[in-house]
Amino acid sequence: MEQQIFDNVWDALEDTPEEAAEMTMRSNLLIAVEQRIRSWNVTQKEAARRLEISQPRLNDLLRGKINNFSIEALVGLAVKAGLTVRLDIADAA
């Protein structure tokens, strides 16, 4: 069996480079928002209020349920969490 090496987990899991790129962006956004929320040291009720989402939706985010969130939704949550979102585009390796 030939061993394969991937730059990130999404390259290994997704069927196309486009899907891997989207999942990489979504996971980076989700992680950044989750870390910001945890840094607040507030209840889930208060965090949900700050983000203007329901507590079950917040719970999905904190549990890493990435398939429940689009890039657009995660960008919106990042902005509400006080983060700046930027996109870096570079030539493929």
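Residues numbered from 1 in each chain as written. Predicted model: local features only at pLDDT ≥ 70, side-chain atom pairs only at ≥ 80, totals over all residues. Heavy atoms only, no water.

Identification of the protein chain as XRE family transcriptional regulator from Allomesorhizobium camelthorni is taken from an unreviewed UniProt entry.

### A word on unusual backbone geometry
Backbone geometry at Asn-41 places phi at a positive 55°, although glycine is not the residue there. Locating Asn-41 in the fold gives a position in the loop between helix 2 (17-40) and helix 3 (44-51). One non-glycine residue, Glu-52, adopts positive backbone phi at about 60°. The exposure class of Glu-52 is exposed, given its relative accessible area of 62%. (Helix = DSSP H or I, 4+ residues; strand = E, 2+ residues; numbered from the N terminus. Buried < 20%, exposed > 50% of the residue type's maximum accessible area, 1.4 Å probe, protein only.)

### Considering the layout of surface pockets
Roughly 260 Å³ of internal volume is contained in the largest pocket. Considering the residues around the largest pocket, the lining is formed by Ala-21, Met-25, Leu-29, Ile-71, Val-75, Val-85, Arg-86, Leu-87, Asp-88, Ile-89 and Ala-90. Mapped by element, the contributors of at least two residues to the lining of the largest pocket are helix 2 and helix 5 (71-80). The element that contributes the greatest number of residues to the lining of the largest pocket is helix 2, accounting for 3 residues. The class makeup of the residues in the lining of the largest pocket is 9 nonpolar, no polar and 2 charged. (1 Å grid on protein atoms, 1.4 Å probe; cavity = no way out; pocket = protein on both sides within 12 Å on 5 of 7 lines; lining within 4 Å. Points joined across faces, edges and corners; volume = space filled by probe spheres on them. Nonpolar A, V, L, I, M, F, W, Y, C, P; charged D, E, K, R; others polar.)

### Some words on the packing of helix 2 against helix 4 (residues 55-62)
Look at helix 2 against helix 4: their axes get within 9 Å of each other, and the N-to-C directions meet at 115°. Taken together, the axes of helix 2 and helix 4 lie roughly perpendicular to each other. The segment helix 2 lies against helix 4, with Leu-30, Val-33, Glu-34, Ile-37 and Arg-38 engaging Leu-58, Leu-61 and Leu-62. (Axes fitted to C-alpha atoms, helices over the stretch in contact; angles between N-to-C directions. Parallel < 35°, antiparallel > 145°, perpendicular 65-115°, else oblique. Contact = heavy atoms within 4.5 Å.)

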